[in-house]
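For reference, the chains in residue letters:
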Amino acid sequence: MRAQIVSSVLRTAARPSVVARGARAVPFAARASSSHAEETFESFTERYVNFFKTAEDLFEVQRGLNNCFAHDLVPAPSVVEAAVRAARRVNDYATAVRVFEGVKEKVENKSQYEAYLQELKPLREELGLTLKEELYTSS
Amino acid sequence: MQALRLARSAATPLRSTTSAALTRRCLATATANPVEVVSSSTSATAAPVPLSNIEALWGKLTPEEKQTVHEQLETIQQKDWKELSLEEKKAAYYVAFGPHGPRTPVSQPGDNLKIFAITAALVGVAGAIYLGIKSISPAPPKTMTREWQEASNERALEAKIEPMTGISSEGYKGKGFVQSK
(Lines give C-alpha, C1' and ligand atoms only; values in the text may rest on other atoms or scores of the structure.)
Protein backbone atom coordinates (compact mmCIF):
# COMPACT_ATOMS: atom_id res chain seq x y z
CA MET A 1 0.00 0.00 0.00
CA ARG A 2 2.76 2.40 1.00
CA ALA A 3 4.72 1.57 -2.12
CA GLN A 4 1.60 2.25 -4.19
CA ILE A 5 1.10 5.65 -2.58
CA VAL A 6 4.74 6.56 -3.08
CA SER A 7 4.69 5.44 -6.70
CA SER A 8 1.50 7.37 -7.47
CA VAL A 9 2.94 10.48 -5.82
CA LEU A 10 6.06 10.15 -7.89
CA ARG A 11 4.00 9.62 -11.00
CA THR A 12 2.04 12.78 -10.27
CA ALA A 13 5.23 14.71 -9.63
CA ALA A 14 6.80 13.45 -12.83
CA ARG A 15 3.83 14.37 -14.99
CA PRO A 16 4.34 17.86 -16.44
CA SER A 17 1.21 19.88 -15.89
CA VAL A 18 -0.56 21.74 -18.64
CA VAL A 19 0.20 25.07 -17.03
CA ALA A 20 3.89 24.36 -16.78
CA ARG A 21 4.03 23.33 -20.42
CA GLY A 22 2.26 26.54 -21.41
CA ALA A 23 4.62 28.63 -19.31
CA ARG A 24 7.71 27.05 -20.86
CA ALA A 25 6.63 28.06 -24.35
CA VAL A 26 6.24 31.70 -23.27
CA PRO A 27 9.45 33.80 -23.27
CA PHE A 28 10.82 34.46 -19.80
CA ALA A 29 9.63 38.06 -19.74
CA ALA A 30 6.14 36.83 -18.83
CA ARG A 31 5.20 37.26 -15.19
CA ALA A 32 5.01 34.04 -13.24
CA SER A 33 2.39 35.15 -10.74
CA SER A 34 -0.58 35.79 -12.99
CA SER A 35 0.25 33.71 -16.00
CA HIS A 36 -2.06 30.75 -15.29
CA ALA A 37 -4.15 29.91 -18.28
CA GLU A 38 -7.81 30.42 -17.43
CA GLU A 39 -10.33 28.12 -18.98
CA THR A 40 -13.54 29.77 -20.10
CA PHE A 41 -16.91 28.23 -19.35
CA GLU A 42 -17.40 27.49 -23.04
CA SER A 43 -14.13 25.61 -23.39
CA PHE A 44 -14.87 23.77 -20.14
CA THR A 45 -18.23 22.72 -21.54
CA GLU A 46 -16.72 21.65 -24.81
CA ARG A 47 -13.98 19.69 -23.06
CA TYR A 48 -16.41 17.72 -20.93
CA VAL A 49 -18.91 17.15 -23.74
CA ASN A 50 -16.08 15.64 -25.75
CA PHE A 51 -14.91 13.67 -22.75
CA PHE A 52 -18.30 12.12 -22.14
CA LYS A 53 -18.77 11.41 -25.84
CA THR A 54 -15.58 9.36 -25.89
CA ALA A 55 -15.75 7.84 -22.39
CA GLU A 56 -15.44 4.13 -22.89
CA ASP A 57 -16.68 2.56 -19.66
CA LEU A 58 -18.45 3.27 -16.40
CA PHE A 59 -15.23 4.00 -14.57
CA GLU A 60 -14.32 6.74 -17.05
CA VAL A 61 -17.83 8.23 -16.94
CA GLN A 62 -17.84 8.35 -13.15
CA ARG A 63 -14.30 9.73 -13.07
CA GLY A 64 -15.32 12.45 -15.50
CA LEU A 65 -18.38 13.26 -13.43
CA ASN A 66 -16.27 13.51 -10.29
CA ASN A 67 -13.93 15.97 -12.01
CA CYS A 68 -16.66 17.90 -13.79
CA PHE A 69 -18.76 18.45 -10.68
CA ALA A 70 -15.73 19.34 -8.58
CA HIS A 71 -15.44 22.80 -10.17
CA ASP A 72 -17.03 25.94 -8.80
CA LEU A 73 -19.70 26.07 -11.48
CA VAL A 74 -22.82 24.24 -12.54
CA PRO A 75 -22.12 22.21 -15.69
CA ALA A 76 -24.03 23.40 -18.72
CA PRO A 77 -27.09 21.42 -19.87
CA SER A 78 -25.11 20.13 -22.83
CA VAL A 79 -22.57 18.60 -20.44
CA VAL A 80 -25.36 17.04 -18.39
CA GLU A 81 -26.90 15.64 -21.54
CA ALA A 82 -23.58 14.23 -22.73
CA ALA A 83 -23.01 12.66 -19.29
CA VAL A 84 -26.47 11.07 -19.25
CA ARG A 85 -25.99 9.74 -22.75
CA ALA A 86 -22.61 8.34 -21.70
CA ALA A 87 -24.34 6.61 -18.79
CA ARG A 88 -26.85 5.17 -21.26
CA ARG A 89 -24.01 3.96 -23.45
CA VAL A 90 -22.34 2.10 -20.59
CA ASN A 91 -25.76 0.89 -19.40
CA ASP A 92 -25.77 2.37 -15.94
CA TYR A 93 -29.10 3.78 -14.91
CA ALA A 94 -27.99 4.73 -11.42
CA THR A 95 -25.24 7.01 -12.69
CA ALA A 96 -27.73 8.81 -14.94
CA VAL A 97 -29.98 9.43 -11.93
CA ARG A 98 -26.94 10.53 -9.96
CA VAL A 99 -26.05 13.17 -12.57
CA PHE A 100 -29.31 14.98 -11.89
CA GLU A 101 -28.74 14.61 -8.17
CA GLY A 102 -25.36 16.26 -8.67
CA VAL A 103 -26.95 19.13 -10.58
CA LYS A 104 -29.40 19.58 -7.72
CA GLU A 105 -26.49 19.84 -5.31
CA LYS A 106 -24.61 22.34 -7.45
CA VAL A 107 -27.34 24.85 -8.33
CA GLU A 108 -27.92 27.84 -6.08
CA ASN A 109 -31.67 27.59 -5.70
CA LYS A 110 -34.70 25.55 -6.59
CA SER A 111 -35.71 27.60 -9.61
CA GLN A 112 -32.36 26.98 -11.28
CA TYR A 113 -32.82 23.25 -10.74
CA GLU A 114 -36.32 23.51 -12.20
CA ALA A 115 -34.86 25.30 -15.22
CA TYR A 116 -32.39 22.46 -15.71
CA LEU A 117 -35.15 19.89 -15.44
CA GLN A 118 -37.29 21.80 -17.92
CA GLU A 119 -34.40 22.13 -20.34
CA LEU A 120 -33.58 18.42 -20.13
CA LYS A 121 -37.14 17.11 -20.03
CA PRO A 122 -37.02 15.79 -23.62
CA LEU A 123 -33.85 13.87 -22.78
CA ARG A 124 -35.38 12.34 -19.68
CA GLU A 125 -38.48 11.32 -21.56
CA GLU A 126 -36.44 9.91 -24.38
CA LEU A 127 -34.38 7.70 -22.07
CA GLY A 128 -37.12 6.97 -19.52
CA LEU A 129 -35.09 8.57 -16.75
CA THR A 130 -36.69 8.97 -13.34
CA LEU A 131 -35.29 11.47 -10.86
CA LYS A 132 -34.24 10.45 -7.40
CA GLU A 133 -37.05 12.45 -5.82
CA GLU A 134 -39.50 10.62 -8.07
CA LEU A 135 -38.01 7.26 -7.10
CA TYR A 136 -38.19 8.02 -3.39
CA THR A 137 -41.26 10.18 -3.11
CA SER A 138 -41.55 9.94 0.67
CA SER A 139 -38.07 11.21 1.52
CA MET B 1 -7.96 11.70 -5.98
CA GLN B 2 -5.54 9.43 -4.11
CA ALA B 3 -8.30 6.96 -3.30
CA LEU B 4 -9.41 7.05 -6.89
CA ARG B 5 -5.95 6.16 -8.14
CA LEU B 6 -5.65 3.37 -5.63
CA ALA B 7 -9.04 2.02 -6.64
CA ARG B 8 -7.99 2.05 -10.22
CA SER B 9 -4.69 0.31 -9.54
CA ALA B 10 -6.47 -2.21 -7.35
CA ALA B 11 -8.96 -2.88 -10.09
CA THR B 12 -6.40 -3.49 -12.80
CA PRO B 13 -4.96 -6.86 -11.68
CA LEU B 14 -8.47 -8.13 -11.02
CA ARG B 15 -9.56 -7.36 -14.52
CA SER B 16 -6.73 -9.34 -16.01
CA THR B 17 -7.50 -12.45 -13.98
CA THR B 18 -11.28 -12.68 -13.83
CA SER B 19 -13.71 -13.55 -16.57
CA ALA B 20 -15.10 -11.31 -19.28
CA ALA B 21 -18.31 -10.79 -17.35
CA LEU B 22 -16.37 -8.72 -14.82
CA THR B 23 -14.55 -6.37 -17.17
CA ARG B 24 -16.72 -3.49 -16.01
CA ARG B 25 -14.70 -1.05 -13.92
CA CYS B 26 -16.89 0.76 -11.50
CA LEU B 27 -16.07 3.43 -8.94
CA ALA B 28 -19.18 2.87 -6.89
CA THR B 29 -18.72 -0.83 -6.44
CA ALA B 30 -14.98 -1.20 -6.78
CA THR B 31 -14.25 1.05 -3.82
CA ALA B 32 -17.08 -0.38 -1.76
CA ASN B 33 -16.08 -4.00 -1.68
CA PRO B 34 -13.11 -5.14 -3.71
CA VAL B 35 -13.06 -8.53 -1.95
CA GLU B 36 -16.52 -9.27 -3.24
CA VAL B 37 -15.42 -9.04 -6.84
CA VAL B 38 -12.68 -11.58 -6.32
CA SER B 39 -14.94 -14.22 -4.85
CA SER B 40 -17.66 -13.77 -7.38
CA SER B 41 -16.74 -15.46 -10.60
CA THR B 42 -17.81 -18.86 -9.30
CA SER B 43 -21.26 -17.81 -8.11
CA ALA B 44 -22.86 -16.86 -11.39
CA THR B 45 -25.38 -19.68 -10.98
CA ALA B 46 -26.63 -18.58 -7.54
CA ALA B 47 -30.37 -18.23 -6.99
CA PRO B 48 -31.78 -14.86 -8.08
CA VAL B 49 -32.42 -12.39 -5.29
CA PRO B 50 -35.74 -10.51 -5.43
CA LEU B 51 -35.08 -6.89 -6.36
CA SER B 52 -38.38 -5.52 -5.11
CA ASN B 53 -37.30 -4.79 -1.55
CA ILE B 54 -33.55 -4.64 -1.92
CA GLU B 55 -33.23 -1.65 0.45
CA ALA B 56 -34.32 -3.80 3.40
CA LEU B 57 -32.48 -6.93 2.28
CA TRP B 58 -29.15 -5.43 1.27
CA GLY B 59 -27.57 -5.39 4.71
CA LYS B 60 -28.27 -9.09 5.25
CA LEU B 61 -27.06 -10.40 1.89
CA THR B 62 -23.85 -12.39 1.66
CA PRO B 63 -21.11 -11.13 -0.69
CA GLU B 64 -22.06 -13.84 -3.21
CA GLU B 65 -25.70 -12.77 -3.20
CA LYS B 66 -24.66 -9.14 -3.58
CA GLN B 67 -22.61 -10.09 -6.59
CA THR B 68 -25.63 -11.89 -8.04
CA VAL B 69 -27.68 -8.74 -7.56
CA HIS B 70 -24.98 -6.70 -9.28
CA GLU B 71 -25.05 -9.05 -12.25
CA GLN B 72 -28.85 -9.10 -12.36
CA LEU B 73 -28.94 -5.31 -12.35
CA GLU B 74 -26.29 -5.13 -15.00
CA THR B 75 -28.40 -7.18 -17.40
CA ILE B 76 -31.55 -5.28 -16.45
CA GLN B 77 -29.91 -1.91 -17.14
CA GLN B 78 -28.92 -2.99 -20.62
CA LYS B 79 -32.59 -2.96 -21.59
CA ASP B 80 -34.43 0.14 -22.74
CA TRP B 81 -34.76 2.22 -19.60
CA LYS B 82 -38.39 2.99 -20.37
CA GLU B 83 -39.25 -0.67 -19.82
CA LEU B 84 -37.75 -0.74 -16.36
CA SER B 85 -40.18 -0.97 -13.47
CA LEU B 86 -39.96 1.43 -10.55
CA GLU B 87 -38.64 -1.38 -8.34
CA GLU B 88 -35.84 -2.14 -10.76
CA LYS B 89 -34.92 1.52 -11.00
CA LYS B 90 -34.92 1.90 -7.25
CA ALA B 91 -32.85 -1.24 -6.83
CA ALA B 92 -30.30 -0.07 -9.41
CA TYR B 93 -29.99 3.30 -7.71
CA TYR B 94 -29.87 1.86 -4.20
CA VAL B 95 -27.19 -0.72 -4.97
CA ALA B 96 -24.97 1.86 -6.68
CA PHE B 97 -25.52 4.95 -4.52
CA GLY B 98 -27.60 3.91 -1.52
CA PRO B 99 -26.58 4.67 2.06
CA HIS B 100 -24.43 1.59 2.61
CA GLY B 101 -20.73 0.82 2.52
CA PRO B 102 -18.72 4.05 2.22
CA ARG B 103 -21.96 6.07 1.96
CA THR B 104 -23.33 4.98 5.34
CA PRO B 105 -24.55 8.11 7.09
CA VAL B 106 -22.41 9.18 10.01
CA SER B 107 -25.40 9.70 12.29
CA GLN B 108 -28.67 7.84 12.62
CA PRO B 109 -32.02 9.61 12.98
CA GLY B 110 -32.59 10.44 16.64
CA ASP B 111 -28.90 10.87 17.34
CA ASN B 112 -29.24 14.63 17.78
CA LEU B 113 -31.85 14.17 20.49
CA LYS B 114 -29.61 11.65 22.25
CA ILE B 115 -26.62 13.99 22.10
CA PHE B 116 -28.71 16.86 23.45
CA ALA B 117 -30.14 14.72 26.28
CA ILE B 118 -26.74 13.40 27.35
CA THR B 119 -25.16 16.88 27.21
CA ALA B 120 -28.02 18.32 29.27
CA ALA B 121 -27.66 15.48 31.78
CA LEU B 122 -23.93 16.13 32.13
CA VAL B 123 -24.50 19.86 32.64
CA GLY B 124 -27.08 18.93 35.29
CA VAL B 125 -24.58 16.64 37.02
CA ALA B 126 -22.03 19.48 37.05
CA GLY B 127 -24.63 21.81 38.58
CA ALA B 128 -25.51 19.22 41.21
CA ILE B 129 -21.84 18.79 42.13
CA TYR B 130 -21.49 22.59 42.42
CA LEU B 131 -24.51 22.89 44.68
CA GLY B 132 -23.45 19.86 46.76
CA ILE B 133 -19.97 21.23 47.40
CA LYS B 134 -21.42 24.62 48.19
CA SER B 135 -23.83 23.16 50.73
CA ILE B 136 -21.08 21.42 52.73
CA SER B 137 -18.50 24.22 52.46
CA PRO B 138 -17.93 26.64 55.43
CA ALA B 139 -19.45 30.14 55.41
CA PRO B 140 -17.44 32.94 53.74
CA PRO B 141 -15.07 34.89 56.03
CA LYS B 142 -16.53 37.71 58.13
CA THR B 143 -14.52 40.32 56.20
CA MET B 144 -16.53 39.54 53.08
CA THR B 145 -19.52 41.66 54.09
CA ARG B 146 -20.43 45.15 52.97
CA GLU B 147 -20.40 46.53 56.49
CA TRP B 148 -16.88 45.33 57.18
CA GLN B 149 -15.59 46.70 53.87
CA GLU B 150 -17.23 50.11 54.39
CA ALA B 151 -15.65 50.22 57.82
CA SER B 152 -12.33 49.41 56.17
CA ASN B 153 -12.86 52.40 53.85
CA GLU B 154 -13.46 54.68 56.83
CA ARG B 155 -10.35 53.41 58.52
CA ALA B 156 -8.35 53.93 55.32
CA LEU B 157 -9.56 57.53 55.03
CA GLU B 158 -8.70 58.15 58.69
CA ALA B 159 -5.19 56.83 58.08
CA LYS B 160 -4.93 58.70 54.73
CA ILE B 161 -3.58 55.66 52.89
CA GLU B 162 -2.72 55.97 49.19
CA PRO B 163 -3.04 59.79 49.07
CA MET B 164 -1.74 60.18 45.50
CA THR B 165 -3.79 57.83 43.40
CA GLY B 166 -5.81 55.68 45.81
CA ILE B 167 -8.73 55.98 48.16
CA SER B 168 -7.55 59.12 50.02
CA SER B 169 -6.68 61.11 46.87
CA GLU B 170 -8.70 64.15 45.78
CA GLY B 171 -11.72 63.41 43.65
CA TYR B 172 -11.51 59.64 44.17
CA LYS B 173 -14.45 57.90 42.47
CA GLY B 174 -13.73 54.23 43.10
CA LYS B 175 -15.28 51.84 45.57
CA GLY B 176 -12.28 51.47 47.84
CA PHE B 177 -12.39 48.17 49.67
CA VAL B 178 -16.06 47.44 48.95
CA GLN B 179 -16.46 44.32 46.85
CA SER B 180 -19.41 42.46 48.43
CA LYS B 181 -22.95 43.38 47.59
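Parameters at a glance
Residues numbered from 1 in each chain as written. Chains lettered and ligands numbered in written order. Predicted model: local features only at pLDDT ≥ 70, side-chain atom pairs only at ≥ 80, totals over all residues. Heavy atoms only, no water. Helix = DSSP H or I, 4+ residues; strand = E, 2+ residues; numbered from the N terminus. Buried < 20%, exposed > 50% of the residue type's maximum accessible area, 1.4 Å probe, protein only. Contact = heavy atoms within 4.5 Å. Areas by Shrake-Rupley, 256 points an atom, 1.4 Å probe, with all protein chains shown as cover. Phe/Tyr/Trp six-rings, centres within 6.5 Å; stacked < 30°, edge-to-face > 60°. Polar contact = N/O pair within 3.5 Å; in protein donor to acceptor, adjacent residues only side chain to side chain. Core = buried A, V, L, I, M, F, W, Y, C linked by side-chain atoms within 4.5 Å. Salt bridge = Lys/Arg side-chain N within 4 Å of Asp/Glu carboxyl O. Axes fitted to C-alpha atoms, helices over the stretch in contact; angles between N-to-C directions. Parallel < 35°, antiparallel > 145°, perpendicular 65-115°, else oblique. Left-handed = near helix turned anticlockwise from the far one by under 90°. Nonpolar A, V, L, I, M, F, W, Y, C, P; charged D, E, K, R; others polar. Expected span 1.5 Å × (residues − 1). UniProt positions renumbered as here; feature names shortened; annotations may be inferred.

The next subject is the overall build of chain B. From N to C terminus, chain B includes 8 helices and 0 strands. Each helix and strand of chain B, ordered N terminal to C terminal, gives the series α-α-α-α-α-α-α-α. Put simply, chain B has 181 residues, and 29% of those count as buried. Of all intrachain contacts in chain B linking residues separated by at least 6 positions in sequence, the fraction that spans at least 24 positions is 44%. Within the structure as shown, chain B displays about 12,100 Å² of accessible surface, and the carbon and sulfur contribution to it stands at 63%.

Helix and strand counts for chain A come out as 9 helices and 0 strands. The N-to-C order of helical and strand elements in chain A reads α-α-α-α-α-α-α-α-α. Considering chain A as a whole, with its 139 residues, one finds that 40% of them fall into the buried category. Taking contacts inside chain A between residues at least 6 apart in sequence as the whole, the part at least 24 apart equals 64%. Total accessible area on chain A is roughly 8,600 Å²; 55% of this is exposed by carbon and sulfur atoms.

Any aromatic ring pair is given by two values, namely how distant the centres are and how the planes are angled relative to each other. A complete count under the given rule lists 7 aromatic pairs over all chains for this structure. Ring geometry for Tyr93 of chain B and Phe97 of chain B: centres 5.9 Å apart, planes at 45°, overall tilted. Residue Tyr93 of chain B and its partner Phe97 of chain B are both found in helix α6 (residues 86-97); the two are separated by 4 residues, about one turn of the helix. Looking at Tyr93 of chain B, the relative accessible area reads 3%, which means it is buried. A relative accessible area of 13% means that Phe97 of chain B is categorised as buried. Through pairs of rings, three or more aromatic residues link up here, namely Phe44, Tyr48, Phe51 and Phe52 of chain A.

Let us now look at the side chain of Asp57 of chain A. Residues and elements named next belong to chain A. For Asp57, the position within the fold is in the loop between α3 (41-54) and α4 (58-68). Judged by relative accessible area, Asp57 falls into the buried class, the value being 15%. For Asp57, the side chain forms a polar contact with the main-chain nitrogen of Glu60, separated by 3.0 Å.

A separate point is the nonpolar core. Phe52 and Val84 of chain A together with Ile54 and Val69 of chain B are the most contacted members of the largest nonpolar core, which totals 54 residues. Secondary structure elements with two or more residues in this core: α3, α4, α5 (77-89), α6 (93-106), α7 (110-119) and α8 (121-127) of chain A together with α5 (63-77) and α6 of chain B. Other than its neighbours up to four places away in sequence, Val84 of chain A contacts Ala96, Val99, Phe100, Leu123, Leu127 and Leu129 of chain A.

Okay, unusual backbone geometry next. When glycine is set aside, most residues are seen to have a negative phi, and most peptide bonds are trans. For Asn91 of chain A, which is not a glycine, the phi torsion comes out positive at approximately 60°. Its place among the elements puts Asn91 of chain A in the loop between α5 and α6. If you check the backbone angles, Glu162 of chain B has positive phi at about 50° while not being a glycine.

Turning next to the pattern of salt bridges. Taken as a whole and assessed by the stated rule, the structure comprises 10 salt bridges over all chains. Across the pair Arg98 of chain A and Glu101 of chain A runs a salt bridge whose closest N-O atoms are separated by 3.1 Å. Linking Arg98 of chain A with Glu101 of chain A, this pair stays in helix α6, spanning 3 residues, or about one helical turn. Judged by relative accessible area, which is 29%, Arg98 of chain A ranks as partly exposed. For Glu158 of chain B, the salt bridge goes to Arg155 of chain B, with nearest N and O atoms at 3.4 Å. Of this pair, Glu158 of chain B and Arg155 of chain B are both found in helix α8 (residues 146-159), 3 residues apart, which corresponds to roughly one turn of the helix. Accessibility classification places Glu158 of chain B together with Arg155 of chain B in one group, the exposed group. The network of salt bridges with shared partners includes Glu81, Arg85 and Glu126 of chain A.

What follows covers the side chain of Asn91 of chain A. Within the structure, the side chain of Asn91 of chain A is placed 2.9 Å from the side chain of Arg88 of chain A, a separation counted as a polar contact. With residues near it in sequence (within four places) discarded, Asn91 of chain A still touches Gln77, Gln78 and Trp81 of chain B.

Another aspect to go through is the packing of α6 of chain A against α7 of chain A. All names here are of chain A. Where α6 contacts α7, the axes come no closer than 8 Å and their chain directions differ by 150°. Comparing their axes, α7 and α6 come out roughly antiparallel. The hand of the α6/α7 crossing is right-handed. Here α6 contributes Phe100, Val103 and Lys104 to the contact with α7, which in turn contributes Tyr113, Tyr116 and Leu117. Considered class by class, the residues forming the contact of α6 with α7 number 5 nonpolar, no polar and 1 charged.

Three- or four-residue spacings in an α-helix give side chains the same orientation, since the helix completes a turn every 3.6 residues. With 14 residues, α8 of chain B extends 20 Å between its outermost C-alpha atoms, agreeing within 8% with the 20 Å of an ideal straight helix rising 1.5 Å per residue. Positive backbone phi, at 50°, marks Lys160 of chain B, one or two positions downstream of α8 of chain B.

This part takes up the UniProt feature "transmembrane region" (unreviewed entry) in chain B. The sites that carry the UniProt feature "transmembrane region" (unreviewed entry) are, in the present numbering, residues 113-133 of chain B. Across residues 113-133 of chain B, the secondary structure splits into 100% helix and 0% strand, with the terminal C-alpha atoms separated by 30 Å.

With that out of the way, let us pick up α5 of chain B. Compared with the 21 Å implied by 1.5 Å per residue over 15 residues, the 21 Å span of α5 of chain B between its first and last C-alpha is a close match. Taken as a whole, α5 of chain B has its buried residues at Lys66, Gln67, Thr68, Val69, His70, Gln72, Leu73, Glu74, Ile76 and Gln77 of chain B.

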